[in-house]
Amino acid sequence: MTSPQAARPTAEVGTRVVHRRYVPYSHAHYAGNLVDGAYSLGLFGDVATEMCIRTDGDEGLFASYSDVQFRAPVRAGDVLEITCELTRVGTRSRVLDLAVHVVGRGAPTAERPGAAEMLAEPIVATTATGTVVVPG
């Protein structure tokens, strides 16, 4: 029995990867249930890894971030959508536009401590440009 061969991946500008993640309260680091900015950078690493697998058949390695912007707080209890779009393809490098959007947020009250809601309009929390490298 032979195993089916996967088609050789190709890196194409415009390829997108989207992840969703709930932020557990165990990740709160500051007053007001704030989560540190490194949390977003870790999520960028996750979507970039999937992008490299999809486009190059390898996990790749992050080489650099540029223009990292922390635009709004990320809090424990948030539901995040993390997006990654391939914007430039080099011989071994790939440039990615990355963003974290808050799409849901905890809204606890005294009567309902676990209350939460999906937001009508997502909040842009973090943006960055990243460069990854893949084997030649």
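All values derive from a computational prediction rather than experimental measurement.

*Asks:* Sorry if this is basic, but what is going on with the packing of aromatic side chains here?
*Replies:* By convention here, two paired aromatic rings are described through the distance between centres and the angle between planes. Throughout the structure, instances matching the rule amount to two aromatic pairs. An angle of 45° between the planes, with centres 6.5 Å apart, marks the rings of Phe44 and Tyr65 as tilted. Of this pair, Phe44 sits in helix H1 (residues 38-56) while Tyr65 sits in strand S2 (residues 61-70), and the two are 21 residues apart along the sequence. You can call Tyr65 partly exposed: its relative accessible area is 31%. Members of the aromatic cluster, joined through ring pairs, are Phe44, Phe62 and Tyr65.

*Asks:* Explain the sheet that holds strand S5 (residues 116-133) here, please?
*Replies:* Hydrogen bonds along the backbone pair up the strands of a sheet, which may run parallel or antiparallel. Pairing is antiparallel in the open sheet, where five strands are placed in the order S1-S3-S4-S5-S2. On the outer flanks of this sheet lie strand S1 (16-22) and S2, each paired with one strand and no other. Pairs of neighbouring strands in the sheet enclose a mean axial angle of 25°, with direction left out of account. Relative to strand S4 (residues 93-106), strand S3 (residues 79-89) runs antiparallel, the two being bridged by 10 bridges. From the neighbouring strand, Arg88 faces S4, where its bridge partner is Val95.

*Asks:* I keep staring at the pattern of salt bridges and nothing clicks. Help me out?
*Replies:* Side chains that carry opposite charge are capable of pairing whenever their charged atoms lie near each other. Taken as a whole and assessed by the stated rule, the structure comprises six salt bridges. In this structure, the salt-bridge partner of Arg21 is Asp46, at a minimum N-O distance of 3.3 Å. You can see Arg21 sitting in strand S1 and its partner Asp46 sitting in helix H1, a full 25 residues away along the chain. Among the ionic pairs, Asp78 bridges to Arg105, the shortest N-O distance being 2.8 Å. A residue pair is termed long-range when its members are at least 10 positions apart, and Asp78 in the loop between S2 and S3 and Arg105 in strand S4 qualify at 27 residues. An identical accessibility class is assigned to Asp78 and Arg105; each is buried.

The rules behind each value
Residues numbered from 1 in each chain as written. Predicted model: local features only at pLDDT ≥ 70, side-chain atom pairs only at ≥ 80, totals over all residues. Heavy atoms only, no water. Phe/Tyr/Trp six-rings, centres within 6.5 Å; stacked < 30°, edge-to-face > 60°. Helix = DSSP H or I, 4+ residues; strand = E, 2+ residues; numbered from the N terminus. Buried < 20%, exposed > 50% of the residue type's maximum accessible area, 1.4 Å probe, protein only. Pairing = 2+ DSSP bridges. Axes fitted to C-alpha atoms, helices over the stretch in contact; angles between N-to-C directions. Salt bridge = Lys/Arg side-chain N within 4 Å of Asp/Glu carboxyl O.

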